[in-house]
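What the coordinates show
Next come the chains, spelled out residue by residue.
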Amino acid sequence: MNIAVLIKQVPDTETVIKIADDGKSIKTDDIKWIMNPYDEYAVEAALRLKEKTRGKVTIISTGPQRVVESIRTALAMGADEGVLVDDPALEGSDVFGVAKALAAVVKELNPDVILCGHRAVDYDEGQRGAAVAEMLGLPHIPFAVAIDVDDGATKVKVDRPVEGGKMSLEASLPVLITLGGAHAIWNPRYASLPGIMKAKKKPLATKTLSDLGIDSSEVGPDARKIRIISMEMPPEREPGKIINGDLDTEGKAKELVRVLKEEVKIL
Amino acid sequence: MAGGVCVLTEFQDGDFRKVSYEVASEGKRVADALGCDLCAVVLGSGIGDKAGVLGKYGVSRAIVADDERLANYTAEAYVPVLSEILKELEPDVVLLPASLNGKDLGARLAAHLQTGLAMDCTEFKVEDGTIKAKRPLFAGKCFGWYEWDSSARPQIASCRPNVFERTVVDEGASAEISAVTPAVPSELKVQVVSVEKEEGGKIDLTEAEVIVSGGRGMKGPENFKMLEELAQLLGAAVGASRAAVDAGWRPHSDQVGQTGKVVTPNLYIAVGISGAIQHLAGMGSSKYIVAVNKDPDAPIFSKADYGIVEDLFKFIPIFTEEVKKAKG
Ligand SMILES: Cc1cc2nc3c(=O)[nH]c(=O)nc-3n(C[C@@H](O)[C@H](O)[C@H](O)COP(=O)(O)OP(=O)(O)OC[C@H]3O[C@@H](n4cnc5c(N)ncnc54)[C@H](O)[C@@H]3O)c2cc1C
Ligand SMILES: Cc1cc2nc3c(=O)[nH]c(=O)nc-3n(C[C@H](O)[C@H](O)[C@H](O)COP(=O)(O)OP(=O)(O)OC[C@H]3O[C@@H](n4cnc5c(N)ncnc54)[C@H](O)[C@@H]3O)c2cc1C
């Protein structure tokens, strides 16, 4: 089974976000970059499919050279090859710009299954998976919490949450699946030391837009359908109030009930 | 009718989901500001004449596609049907719920129509005859305002549940219903095999008015009974920190935070949760935050409107009793 995984490098979730001087982007100095957590689940899911079907896993990303480190991490976990689209013309694209580049790489690989996170934890758009599938004319299934493939590798079965329950779906191949769930569901494996050594020798190609036959006017800021015009911080919360420490436990409980009644108005 | 605002509703198991009314209400506000009409598109099965109720929220016309094959959402079945209807309507603005299905539908629909989507919005404004949308970035660590290119129509935006007020504008009104025969593709590559609902119609965290969440301080899965009892009294849903989910005490769907659910309840009660940045990102936009923690220096107190420095095992049972008394 031929599996492609789309990964994005995002600021570490520990990052305190600050707005840059232009008022519409974030400060990126001092940021530590990590693989988007949902994409880590996608790599794990891909490796499990590979183990079951003796397949091959290709990691695809776009971004500057720093992204190589995240691709190497995926290779060290057990993926086979990597492709990075590094082209300054992609900077400041909306969902479609980057999706175009990703779709072009995927098309050349002709995979049976394409996996990616359901959202990247930076811009939180949750759109690229569906956009790539649309561009390739493939169906997609969102928010997977379980993925299984039949023995002949002709069909996948996917579980996804719905509000208050879950849904099981089946799809023929090829199909794109976006990963949901939480760390506890997928428990992505760590890269082993031998894995890290091997990853250094695995093929990792860098491509530009012209390698993919994409004109730079189709991507980037000028091709945006939707643009960020400004950013703002959430409203400061008023400094909190510690309920009087001199009260005993019962006193505090009574005081909290009063607050819920009179201020929050839920009782 | 070209132009105007169109809302997509969510019809499931014989009724509209609550967020549909929130989206219709916001749609009405946007339509009024633009000085145009509001219509709705209702996809599902067994809708009958139930769509009339949308009139109360200001929808003048509801286009209804009632078909067994639309009983359960898949993008593959829904998108062709919707895009056909929207091509006819040519609305300027399309609003839909940022529920799980709505998020997925919006993404695929926007890609199909090659237009822009603002995902999971929390506010709209109308300026110079066009809309701008505000949405959280980095799980709410900051916000971005978006505008659409003039070539990108319709302007599609999904609305975060629990944020937009439901407003009945005319109790007696009923939406005019236009039934259409949906263009569901004859061959679907994705099939729904089964849908299982949890017992007791559990409230989803993203739609709950009140959330009681427990963290590592709960010490074990059995102690969550205490929070469940309190939640029941408050009509709340129970959430958890990643530490509690990783420990296997709670299901993954309960995780609140940057890599879990981002929630906006009226009241969030954090019990035995330290307040790591990833957790705060997911619940920091709650209207009121109460924290119960024995460590007075826990970072959660910096976000809490009301802090209780107590051992939770002592405090929660007494507090639960007091809530019972207050409810009479
Ligand atoms: C300086 C700057 C300016 C920007 N201006 C705008 C703007 O004006 N308008 C606008 O809409 N957006 C803008 N963006 C954000 C934009 O490019 C988003 O990244 C984009 O909208 C997609 O959203 P997302 O990254 O949240 O991806 P999602 O849609 O949440 O990603 C889902 C999945 O797709 C895959 N994926 C996403 N990105 C990549 C990638 N690069 N490589 C490989 N796989 C990937 C991953 O598997 C990911 O889990 C700007 C970003 C920057 C840095
Ligand atoms: C990539 C990544 C993504 C992450 N995403 C998320 C996410 O989405 N959501 C999330 O929650 N976390 C997330 N985390 C984890 C996060 O960093 C914290 O580790 C986690 O939130 C801690 O959970 P906690 O507050 O329950 O546990 P702890 O930090 O261990 O806090 C337990 C608290 O309980 C208090 N306590 C203990 N006993 C008692 C008692 N008897 N009475 C009262 N108080 C008591 C303690 O004082 C302490 O403050 C993520 C981490 C990473 C690296």
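Residue indices follow the written sequence of each chain, beginning from 1 at its first position. The naming scheme follows written order: chains are lettered A onward, ligands numbered 1 onward. Local features in a predicted model are, by the rule used here, given only for residues with pLDDT of at least 70; side-chain atom pairs are given and counted only at 80 or more, and totals for whole chains, interfaces and linings are based on all residues. Derived side-chain values reflect all non-hydrogen atoms in the structure, with water molecules and hydrogen atoms excluded from consideration.

Take the nonpolar core next. Take the buried residues of types Ala, Val, Leu, Ile, Met, Phe, Trp, Tyr and Cys, join any two whose side-chain atoms come within 4.5 Å, and each joined set is a nonpolar core. Type-normalised accessible area, obtained with a 1.4 Å probe on protein chains alone, sets the label of each residue: buried when under 20%, exposed when over 50%, and partly exposed for intermediate values. With 46 residues, the main nonpolar core has Val5, Val43, Ile59, Leu115, Ile147, Val156 and Ile177 of chain A as its most contacted residues. The helix count covers DSSP runs of H or I at least four residues long, the strand count covers runs of E at least two residues long, and both are numbered beginning at the N terminus. It is helix α1 (residues 37-53) of chain A that provides the largest number of residues to this core, a total of eight residues. Whether two residues are in contact is decided by their heavy atoms: any pair within 4.5 Å suffices. Not counting residues within four places of it along the chain, the set of residues in contact with isoleucine 177 of chain A comprises Val113, Ile114, Leu115, Cys116, Ile141, Ala144, Ile147, Val156 and Val158 of chain A. With 43 residues, the next largest nonpolar core counts Val5, Val59, Val93 and Cys159 of chain B among its residues.

So, on to the domain arrangement of chain A. The split into domains, and so the bounds of each, comes from an automatic or database assignment of domains. For chain A, the domain assignment lists domain 1 (2-223) and domain 2 (237-267). Averaged C-alpha coordinates put domain 1 of chain A and domain 2 of chain A at centres separated by 46 Å.

A pair can form between side chains of opposite charge whenever their charged atoms are brought close. For salt bridges, the criterion is a side-chain nitrogen of Lys or Arg within 4 Å of an Asp or Glu carboxyl oxygen. Tallying each qualifying case throughout the model produces 44 salt bridges over all chains. Between lysine 254 of chain A and glutamate 250 of chain A there is a salt bridge whose closest N-O contact spans 3.1 Å. Of this pair, lysine 254 of chain A and glutamate 250 of chain A are both found in helix α7 (residues 249-262), four residues apart, which corresponds to roughly one turn of the helix. Given a relative accessible area of 42%, lysine 254 of chain A falls into the partly exposed group. Aspartate 246 of chain B is paired through a salt bridge with arginine 242 of chain B; the nearest N and O atoms lie 2.8 Å apart. Of this pair, aspartate 246 of chain B and arginine 242 of chain B both sit in helix α5 (residues 242-246), four residues apart, which is roughly one turn of the helix. For aspartate 246 of chain B, a relative accessible area of 38% puts it in the partly exposed group. Among the charged side chains, a network of salt bridges with common partners joins Arg227 of chain A together with Lys125, Glu127, Lys132, Glu147 and Asp149 of chain B.

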